[in-house]
Every structure is written in structure tokens, then in C-alpha cells.
Amino acid sequence: MPDSRWHRKFWTEQGDQFVTLAEYDAVLNTVSTSRSRGFTKWRRPAASEVLVLVMASHSLQERVALLEHTWSDVDMQRLYLVDDWLSTAPQERQWRPQTPSSNSAGSFGMESNYWDAQSRQLEFMQKHPNVKSLGFPVPNWVVLADDDTFIHVDALLDFIAGHDPEVPALFGYILSDAHVLGYDYPCGGAGMLLSFAAYDVLAPRLLADCPLLAFNDLTLGFCAHSQSVPVVHHPGMHCAPDVNRAMRTGENLLDIQKGIAVHRLIGFQSFIELVGTLDMLKGQVRALLQRRCLLAARSGDDSEPLDSRRFFWSVEAFEDAVSACRGHAPRVPTENPTTSNLHLDFFFFGGGLPVAGYHKDRSVPLLAEPTLRAARWPEWMEQLRHLKDCTLESESFEMFDGESPQCKSLGEAKRSHKSLSERKETVSWKASWRSTVPRLSRLQVEATGYEALAANAEVDALKVKESFEALEANRRPEEKESEDTRRHSSTKSWLEELKSFGKKLKALKWRSPGRRWIFVDFSPSSTFLNVFESLRILRGLSNLYHDVSTRSVYLEDVRGPVDLGAERPPPLALAYEYFDLNVEQAAGLWLNGVALQRILRCRPLQHPIKLDPEAHANDWEKEEDRLALMWHNAIAVDIFRALRFCGVVLLHTPSMVPHALSYLPYSTYRRSHPPSVATSMSIGNIASREQMWALSQLVTRRACSAQRRVNKALQMMCRPMASAWKLPLHMRMLGGESAYNFSRENWRLPGACFLGQSLVAFRSEHFLPDAQAAGLGSITSSPRT
């Protein structure tokens with residue numbers, strides 16, 4: 001177990017900044033590995049080890065009734081912190097302050113008990129500063145939540161099973177730099193998860209050393225930074241019900257299969273179905289075990305493998321399924337160094353374009369929309385040049401020419417670094433550029449019928465036919481190709497292009513197909529790839545399997561059974577899956593080598609494309625925009641059907657985000673929300689080249705800083721522990737190197753000002769409306785950029 005004093009001193013250097021969950025775990029794993037001691041990970045805790053403090057009000061007590069019949073109806077300790085006794089919950093589960101506050105809404109236009117509710121959780125913690133002395137059966141974790149927050153108890157218990165309650169930490173959805181306040185703080189509605197060690201550090205200081213900053217989450221964020229308790233971003237704690245990252249009709253409940261919490265249930269259309277859907281997804285494990293952990297792309301009776309086309313599993317939950325299939329036995333690490341190697345292939349449809357209608361309303365003068373840009377390698381590839389900055393060694397950099405005249409000076413880079421066990425891990429990559437447009441095959445268009453496609457786009461069938469013929473012959477004006485090349489390419493669909501690419505890879509006789517991953521980018525001008533986060537996820541999936549043979553056992557019959565519990569890597573694909581309707585190609589597609597080998601052997605598809613009237617609604621104003629959206633949706637359906645039909649296990653990946661606007665709710669056009677970007681694998685529909693470059697720089701800097709932090713943690717283990725830990729004299733959260741005090745000068749934060757003796761601090765996500773409502777627009781300063 002890490003020394004608590006060391007832990008707090010180490011995280012002091014974070015100042016007012018968040019860390020991602022992966023960054024936090026990397027440091028803690030380093031410390032635990034170095035000391036060869038610690039608590040037992042993955043001990044499934046009981047629900048009674050968690051105490052939930054729910055901020056509730058008598059005027060909204062019907063919300064508590066809803067909670068009592070959903071997530072709260074378990075053996076979990078919970079208290080509703082109320083302004084008056086509720087009739088919708090047992091009174092023994094309620095706590096009311098002896099002297100209610102007399103705060104009023106003033107000019108903010110809110111109900112009179114709003115500010116009372118904001119301070120009620122803090123008041124309870126202040127009056128009960130030691131979580132062990134609350135009279136409950138030893139709560140190791142404390143969750144602060146709102147009365148419109150859904151908590152997924154199973155996911156919560158799975159998460160805390162891998163973390164030590166004796167290490168101070170605050171987990172939540174972090175609003176970074178706040179645009180206004182200048183420091184990072186957790187979104188209270190998403191839930192704030194405190195280890196009991198963090199609770200014991202923060203609770204005695206609330207409403208004293210850490211004054212109330214209008215909102216409970218602002219106060220706790222400030223207090224955590226001042227006490228050097230790390231503020232950790234957990235993307236599975238949803239600040240808003242953002243479970244439709246494709247921006248289509250209805251919530252995509254697959255997004256929260258492993259999510260811990262969802263805020264603002266009032267705006268959640270499918271809340272009634274939420275609990276049942278999560279139970280259904282959980283039941284997939286039981287069904288899988290009953291079928292001996294076999295999946296196959298075909299229907300059958302109860303004695304045959306489970307139909308993989310009805311297997312809905314997220315990438316976060318996949319390891320749970322594999323573990324269950326292996327009887328939850330720990331994996332035996334391999335000594336073969338080649339099993340640490342990863343090879344990445346990037347396959348670009350250079351003629352692929354995003355749907356113009358998604359970007360026209362976000363156009364900025366003097367910046368070209370993605371559809372108007374020249375073909376070029378995407379800016380995120382800059383990350384590949386910086387892999388060496390985050391590793392300890394660099395082996396070689398071999399050059400090769402791409403397949404497009406415009407795409408030279410890219411190559412295969414072999415990077416290596418020493419792991420904690422001193423074992424080398426190598427990452428190599430290649431990129432291939434095809435100037436074609438991703439499109440359907442003529443077989444499938446004819447099987448669907450021009451009339452059916454025309455009905456979706458509300459155009460004449462002849463227009464659809466002309467549009468498809470134009471796609472077949474589409475080339476950018478600046479590209480010069482031979483007539484033979486043009487005629488050959490015009491007959492190819494996106495799938496045939498991918499097969500052609502795969503055949504070249506197959507000719508290389510590459511080993512370890514389970515450790516080879518191919519990223520298919522359908523619109524390079526607008527898709528951002530976080531290489532560092534992708535490597536982390538892909539390495540974790542690859543490390544589930546140890547077989548390094550060249551030939552996969554899953555090639556003879558592409559619809560034959562796949563054993564998830566075996567040591568042989570299965571055919572896997574990672575993408576954003578929208579219900580059971582389509583794959584969102586705007587965020588790209590990851591395939592492992594086994595999946596690509598299966599696709600190579602899969603028969604040509606001739607199924608009709610069926611577009612859902614609601615999910616694929618197409619009511620844009622211009623005819624050309626409707627046609628573009630129709631083809632975009634048709635390809636999305638085709639990708640989904642092709643993967644399922646060819647026996648590839650598709651893993652829904654919420655961090656492969658189809659639409660930037662849905663994933664960056666606290667961003668501006670010029671400044672993206674760092675926690676969302678840092679925890680994403682890819683983001684589609686990026687509006688500008690400048691934004692793409694900024695995202696690449698952001699994740700590169702974080703990856704390098706995280707590596708240095710791990711190295712420093714190893715070095716610090718050799719140093720003697722300080723006899724006492726003291727508060728830092730300077731805190732960056734209060735502006736530069738200002739002294740740690742509460743003078744008016746140091747509290748002059750952007751977007752905050754004094755009203756008498758009270759500091760009013762506006763939250764970043766609704767700063768302007770709050771400032772305007774308070775009549776303070778003329779005296780507040782500009783947000784920090």
C-alpha cells in the first residue's frame with residue numbers, strides 16, 4: 001500500500017490540474033509494484049462498503065421515490081440529506097440539519113432551497129469528519145450524488161474493487177480549467193467518489209479552511225487541490241446523459257454498460273428501460289457460459305454457440321467476459337518478448353469526406369471546411385513522431401513511400417521502451433493511402449433498390465442512381481491517375497478496397513495476427529485519433545491472449561465458432577456501435593489481424609441495406625445534403641452488417657466518438673475539453689485542421705508528462721520519506737504563484753467577483769447565463785484561454 005504522506009506530496013505537483021484514470025493507475029501500479037506490497041486487487045466488495053450521500057429536497061421528493069425503486073434498492077448504505085422529512089423514503093435513511101440555512105435565491109432566479117441543498121452535503125461531512133465513526137458498517141467509499149443521478153451499482157463495485165480505499169483520491173467527471181475559475185473540479189451531478197482516506201482529509205476542512213464556493217463540487221474541487229488529493233477524471237461518470245454520441249435519435253444505452261453514473265435523469269428519455277437494459281447486458285455473461293463461451297455468426301438452438309450477431313459487449317466489459325470464461329483465474333504472464341510487440345497499420349480512404357451538413361453550421365471565416373480541404377495526411381499523425389519522447393529508447397525509423405503521390409515521407413517507426421520488469425515492448429506502424437471514396441458495392445445497391453434509397457433521401461430514384469454513378473467515378477480534381485487505375489478502382493466498394501489492402505499484408509506472412517491492429521479511417525480530414533490512448537486499449541486487449549502463431553484457427557470457416565476463453569486471439573473489431581443498427585464510421589474502425597484475415601475469406605455481401613426511419617432520419621433542406629447523408633448512413637449499416645456476417649466480434653467502444661459536439665459539451669470552438677480528449681480513442685467530425693492539431697498536441701503533452709511521472713515515482717521510492725508533510729506555500733489555482741491566502745487580490749479569479757463579503761464564482765458550463773442573470777456582465781473579466 002502506498003504511503004499516504006508520499007502520495008499526497010507526490011500529487012502536490014499536479015496543482016490545480018486533473019489526472020486521467022489511466023495516468024493515476026499507472027503511478028499507483030508503479031508504487032505498488034516497486035514496494036511488492038499492497039491490498040488485494042479485484043476483491044469484489046460488498047455494496048454495504050459504500051455510503052451514498054444524496055442531495056435531496058422535499059419539493060422534489062418524487063425523484064427519491066424513483067431512486068428507491070431503481071439503483072438505491074440494494075444493500076447499499078445511503079442517506080438522503082434533506083431540508084425537510086420526505087415521505088418517499090424511510091426516515092432512518094434521511095438526515096436533516098438541526099438549523100436549516102436561510103439562504104435565498106436572490107437575483108439568480110432559482111428556488112429558495114437551491115443554495116441550502118448545495119451546502120447540505122458539505123455540512124454533513126463537516127459534522128461527521130471521520131467516515132469510520134458514522135455508525136455505519138465500515139464504509140470504505142463515499143459517493144456524493146444528486147437526486148437526479150443514476151448509479152450503476154455493479155459497475156461501481158467493479159471499479160472500486162481495483163482501488164485502495166486507504167489512498168486519498170477523488171474520482172468524478174472533471175470539468176477542466178473551468179474556462180472561468182482557472183482550476184479543475186468534479187461535476188457533482190456525475191457523482192463524486194471519495195476513498196475513506198480522502199474523506200478523512202477533506203471533511204474536517206470543509207466550510208472552514210475550504211469555504212463554500214457557491215456549489216458543493218466547486219468547493220470540494222478547490223479543497224482537494226489545496227490538500228493535494230488527486231482529482232481523477234473518470235469518463236464513466238456522466239455529467240450529463242450523453243449516451244448518444246452519434247447524435248441520432250434516442251439514447252444508446254450501450255454507452256453505459258460499464259458506466260458508473262448518469263446525471264440529469266429528468267432529460268433521460270429511456271430511463272425506464274435503463275435498469276432492464278443493464279440487466280439484459282449483464283445476462284449475456286450467463287448466456288455465454290451456458291454455450292461454453294462459444295460465439296458464431298449464425299443462429300441455432302441452445303446447444304450451439306451463442307449468435308455473435310446478438311452479442312452486445314463494450315470494450316470495457318470484454319475483459320470481464322474473457323475472465324468469466326476462464327473461471328476468473330489469473331492470467332499467467334508469458335516470458336516470450338514477442339508477445340509485447342504491437343504493429344499498427346493505418347488505412348486511409350483519401351477520397352472520403354465527412355457529411356458537409358455537419359460542418360456548415362460551424363464554419364468559421366478564413367477556415368476551410370473539411371469537405372473543401374486538399375487531400376493530406378491527418379494532423380494527428382504528428383503523435384507518431386513523438387512516441388520516442390515518451391519512451392526510454394528509440395531503435396529505428398525506416399522510410400517508405402505511400403500509395404498516393406501526395407503521401408510521402410511517412411514510414412514504419414519501431415519504438416521500444418522498458419517496462420517495469422525491464423522487458424522491451426516494441427510498437428511499429430505503417431500507413432497506406434487510397435484515393436478512393438468509401439462506398440457501397442453495386443451488388444448491394446441493386447439488391448436494395450434505388451427506390452428504397454430514394455425514399456430515405458426524399459428524392460427521385462433517378463437522382464440516387466446518378467449520385468451512385470458519380471461516387472463510383474469520384475476523384476479529387478488534383479489527382480492524376482491512369483485510365484486503368486481509375487477503371488479498376490471504380491468497381492470497388494469500401495469492403496473490396498479493404499480486402500485489397502489486406503491481401504498485401506497477408507503476403508508479408510506476418511506473425512501474431514492478434515497483435516496486429518488496423519485503423520480504417522473513412523474521412524481523414526475530420527477524424528482525430530488519440531494514438532496514446534489507442535495503444536493503451538489495444539495493448540490491454542492483445543495481452544489477454546498469448547498465442548503468437550502465424551495462422552489463426554478461425555480462418556477455415558468464417559462463421560465458425562470463436563472461443564473467448566481460449567488462448568488464441570479471436571477476430572475483434574472496435575467501433576462506435578449505435579444500437580444494433582450501424583457502426584459510426586466517422587470515428588474510424590479498429591480491426592485486429594485475425595478479423596482482417598476472416599474478412600479476406602468472407603463471401604461478397606449481397607444483402608439489402610435497411611435504413612431505420614428514426615435513427616437514420618433524413619430531413620435536411622438541400623437535396624445534395626440529403627443524398628450525402630443517405631450514403632453516409634448506408635455505409636454505416638453496411639460496415640455493421642459486414643463485420644457481423646463475417647464472424648468478427650464487434651466491441652462497442654464509447655471512447656470512439658462519432659461526433660465531436662456530443663463528446664465535448666464543455667468545450668469551445670477554439671478550446672477543447674482536455675479530459676474528454678485525453679480519454680478518447682478517436683473523435684469524428686472535427687471541424688478544423690487547427691482543432692485537429694490542437695488535439696494532437698494536447699494528448700502528446702499528457703502522454704509525455706504521464707511517462708515522466710511514472711519514472712519519477714520509481715525514483716522517489718528510493719528516497720527517505722519526509723517526517724511531516726506541509727501545505728505548499730504557493731498554489732497555482734489562485735493565479736500564478738500567488739500566496740496561499742484569501743485576500744481579495746488573490747481571489748480575483750476570471751469570472752468571479754466579490755459581492756460584499758461573499759465571493760461569487762460562476763461555473764464554467766453556464767458562466768454566461770449566470771453572469772447575465774446576476775447582472776454582472778460588465779464587471780467580470782474574460783475567461784482564461
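Use the structure listed above.
No experiment lies behind these values; they were computed from the predicted model shown. (Residues numbered from 1 in each chain as written. Predicted model: local features only at pLDDT ≥ 70, side-chain atom pairs only at ≥ 80, totals over all residues. Heavy atoms only, no water.)

Engineer: I tried to follow the overall build of the chain on my own but got confused; where do I start?
Structural biologist: Helix and strand content of the chain: 23 helices and 32 strands. Here the chain holds 785 residues, and the buried ones make up 60% of them. In the chain, 76% of the contacts between residues at least 6 apart in sequence involve partners at least 24 apart. For the chain, the accessible area works out to roughly 31700 Å², and carbon and sulfur atoms hold 52% of it. (Helix = DSSP H or I, 4+ residues; strand = E, 2+ residues; numbered from the N terminus. Buried < 20%, exposed > 50% of the residue type's maximum accessible area, 1.4 Å probe, protein only. Contact = heavy atoms within 4.5 Å. Areas by Shrake-Rupley, 256 points an atom, 1.4 Å probe, with all protein chains shown as cover.)

Engineer: Explain the sheet that holds strand E10 (residues 192-195) here, please?
Structural biologist: Pairing between the strands of a sheet comes from backbone hydrogen bonds, and it takes one of two forms, parallel or antiparallel. Sheet architecture is open: eight strands sit in the order E1-E11-E7-E10-E5-E2-E3-E4, paired in mixed fashion. Two strands lie at the open edges of the sheet, namely strand E1 (19-20) and strand E4 (94-95), each paired on one side alone. As judged from the two bridges shared by strand E7 (residues 170-172) and E10, these two strands associate in the antiparallel manner. When the bridges of E10 are listed, Leu170 appears paired with Leu194. Most of the contacts of helix H3 (residues 61-68) go to strand E3 (residues 77-81), to which it runs at about 170°, and overall it touches strand E2 (50-55), E3 and strand E5 (141-146). (Pairing = 2+ DSSP bridges. Axes fitted to C-alpha atoms, helices over the stretch in contact; angles between N-to-C directions.)

Engineer: Would you explain the state of the cysteines in this entry?
Structural biologist: Structurally, a disulfide amounts to a covalent bond that connects the sulfur atoms of two cysteines. Scanning the model with the defined rule gives four disulfides in all. Across the disulfide, Cys210 is cross-linked to Cys223 (sulfur-sulfur distance 2.1 Å). Torsion about the S-S bond of the Cys210 and Cys223 cystine: about 70°, corresponding to right-handed handedness. Pair noted here: Cys210 is in the loop between helix H6 (196-202) and helix H7 (216-226) and Cys223 is in helix H7, with a separation of 13 residues, a long-range link. Look at Cys210 and you get buried, because its relative accessible area is 0%. There is a disulfide in this structure between Cys602 and Cys646, and the S-S distance comes to 2.1 Å. As the torsion about the S-S bond is roughly -90°, the Cys602-Cys646 disulfide counts as left-handed. One end of the pair, Cys602, is in the loop between helix H18 (593-601) and helix H19 (623-645); the other, Cys646, is in the loop between H19 and strand E28 (649-652), and 44 residues separate them in sequence. Across the pair, Cys646 and Cys602 agree in class, each one buried. Numbered by order of appearance in the sequence, the disulfide-linked cysteines of the chain pair as 1-4, 2-3, 5-6, 7-8. (Disulfide = S-S within 2.5 Å.)

Engineer: Just checking my understanding: could you explain the pattern of salt bridges for this structure?
Structural biologist: Should the charged atoms of two oppositely charged side chains come close, the side chains can pair. Enumeration according to the criterion identifies 25 salt bridges in this entry. The residue Arg63 makes a salt bridge to Asp147 at a minimum N-O spacing of 3.0 Å. Of this pair, Arg63 sits in helix H3 while Asp147 is found in the loop between E5 and strand E6 (150-151), placing the two residues 84 residues apart along the sequence. One continuous salt-bridge network, built from bridges that share partners, spans Arg44, Asp154, Asp158, Lys258, Lys282 and Asp320. (Salt bridge = Lys/Arg side-chain N within 4 Å of Asp/Glu carboxyl O.)

Engineer: How should I be thinking about the side chain of Ser467 in this particular structure?
Structural biologist: Along the chain, Ser467 turns up in helix H14 (residues 461-472). On the basis of relative accessibility, which here comes to 16%, the residue Ser467 falls in the buried class. Once residues lying within four places of it in the same chain are set aside, the contact partners of Ser467 are Leu627 and Trp631.

Engineer: Just to check I follow, could you spell out helix H16 (residues 494-506) for this structure?
Structural biologist: Residue pairs spaced three or four apart in an α-helix point in one direction, given the helix's 3.6 residues per turn. Helix length check: H16, at 13 residues, gives a terminal C-alpha distance of 18 Å against a target of 18 Å (1.5 Å per residue), a fit within 8%. For H16, the set of buried residues is Trp494, Leu495, Glu497, Leu498, Lys499, Ser500, Phe501, Gly502 and Leu505. (Expected span 1.5 Å × (residues − 1).)

Engineer: Just checking my understanding: could you explain the environment of Ser441 for this structure?
Structural biologist: Considering the arrangement of structural elements, one finds Ser441 in the loop between strand E20 (424-434) and helix H12 (442-448). Counting along the chain gives 51 residues from Ser441 to Lys492, while the straight-line C-alpha distance between them is 6.7 Å. If we skip the residues at most four places from it in the chain, Ser441 touches Phe468, Ser493 and Leu605.

Engineer: When you look at unusual backbone geometry in this model, what are you seeing that I'm missing?
Structural biologist: Peptide bonds are mostly trans, and most non-glycine residues show a negative phi. The phi torsion at Arg292 lies on the positive side, around 60°, for a residue other than glycine. Given a relative accessible area of 52%, Arg292 falls into the exposed group.

Engineer: Any chance you could explain H14 here in plain terms?
Structural biologist: Between its first and last C-alpha, H14 extends 17 Å over 12 residues, near the 16 Å set by a 1.5 Å rise per residue. Among all positions of H14, only Val464, Ser467, Phe468, Leu471 and Glu472 are buried. In a view along the axis of H14, the buried residues occupy a sector of 140°, so they form one face of it. On its buried face, H14 sits against H12, helix H13 (450-457) and H19. (Arc of directions from axis to C-beta.)

Engineer: Any chance you could explain the environment of Val142 here in plain terms?
Structural biologist: Within the secondary structure, Val142 sits in strand E5. With 56 residues separating them along the chain, Val142 and Ala198 place their C-alpha atoms 9.3 Å apart. In this structure, Val142 is in contact with Leu51, Leu53, Val131, Met192, Leu193, Leu194 and Tyr199, ignoring residues within four places of it in sequence.

Engineer: Can you help me understand the packing of aromatic side chains in this one?
Structural biologist: Each aromatic ring pair is described using two quantities: the centre-to-centre distance and the angle formed by the ring planes. For the coordinates displayed, the defined rule picks out 22 aromatic pairs. Arranged with centres 6.4 Å apart and planes meeting at 45°, the rings of Trp141 and Phe171 form a pair that is tilted. With a gap of 30 residues between them, Trp141 in strand E5 and Phe171 in strand E7 connect regions that are remote in the sequence. Residue classification places Phe171 among the buried positions, given a relative accessible area of 1%. Ring centres of Phe346 and Trp590 lie 6.4 Å apart, and the angle between their planes is 65°; on these two criteria the pair is classed as edge-to-face. (Phe/Tyr/Trp six-rings, centres within 6.5 Å; stacked < 30°, edge-to-face > 60°.)

Treat this as a map of the structure, not an account of what it does.
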